[in-house]
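Read off the chains here:
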Amino acid sequence: MIVSCTSCGAKYQYDEARFGSDNRKRLRCTKCGTIFEVERPGQGEAGSDTHVGKRRNADEITRELEVRKAQADVELANLPELAPLPPNRRYSLAVILGASAGQIYPITKPRILLGRGAENDLQLPDSEVSRRHAVLDIRGDEAVLVDLGSSNGSFVNGVRVQTATIASHQEFSLGTTTLMFIVTEAQEP
């Protein structure tokens, strides 16, 4: 089916199977960022292949975003203090797919924020990544990925997760960006 953004009119192909058991889904326009709702075919106008989302006013969207940010702030504040990174290991994130594919980012502290916003430790240029999308806690040879209430979710092995343990050389996705967590032994000088 084809869905249309209520603000800019951009049209998108949307797989009806993604409705699951729901009759409505919220989508975010990748062109203008507007959040809108679409209905399962047969719930709205009869015989229409194009479904226009329900328009939400800016105040509703702003309130929802403020609530999500507050929830993420509480979640961040409740995370435990972490030990410093061991000097005999090097940690990094490699971008496997996405706008920054091929980039390798060294990790120099035990907790890093990932997202689209400039305030993050690792800023990802991906419109499908939330401003503050997730946090990665380094714990020895593995890391714990915690989603911060992102709109499009965090995925490990193709499954949406709220919290997941990531092993060295394991991939995870935020938006349309796929990253690999890498742990290596530091070479002696």
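The structure this text deals with has already been given above.
Just so you know, these numbers come straight off a predicted model, no measurement behind them.

## Quick look at helix 1 (residues 58-77)
And step 1. Look at helix 1: 28 Å from first C-alpha to last across 20 residues, which is about the 28 Å you get at 1.5 Å a residue.
And step 2. By the burial criterion, the buried members of helix 1 are Ile 61, Glu 64, Arg 68, Ala 72 and Leu 76. Down the axis of helix 1, the sector holding all buried residues measures 110°, keeping them to one side. In helix 1, the exposed residues that point more than 90 degrees away from the buried face are Asp 59, Arg 63, Glu 66 and Ala 77.

## Quick look at the nonpolar core
And step 1. Counting 23 residues, the largest nonpolar core has Leu 93, Leu 114, Leu 136, Phe 172 and Phe 181 as its most contacted members.
And step 2. Excluding its chain neighbours within four sequence positions, the residues that come into contact with Phe 172 are Leu 93, Leu 114, Leu 145, Phe 155, Val 156, Ile 166, Thr 177, Thr 178, Leu 179 and Phe 181.
And step 3. One finds Phe 19, Leu 27, Cys 29 and Val 38 within the second-largest nonpolar core, a separate group that totals 10 residues.

## A look at the environment of Thr 165
And step 1. Within the secondary structure, Thr 165 is located in strand 14 (residues 163-167).
And step 2. The class for Thr 165 is partly exposed, based on a relative accessible area of 44%.
And step 3. When neighbours within four sequence positions are excluded, Thr 165 is seen to be in contact with Glu 142, Ala 143, Val 144 and Gln 170.

Conventions we followed
- Residues numbered from 1 in each chain as written.
- Predicted model: local features only at pLDDT ≥ 70, side-chain atom pairs only at ≥ 80, totals over all residues.
- Heavy atoms only, no water.
- Helix = DSSP H or I, 4+ residues; strand = E, 2+ residues; numbered from the N terminus.
- Expected span 1.5 Å × (residues − 1).
- Buried < 20%, exposed > 50% of the residue type's maximum accessible area, 1.4 Å probe, protein only.
- Arc of directions from axis to C-beta.
- Core = buried A, V, L, I, M, F, W, Y, C linked by side-chain atoms within 4.5 Å.
- Contact = heavy atoms within 4.5 Å.

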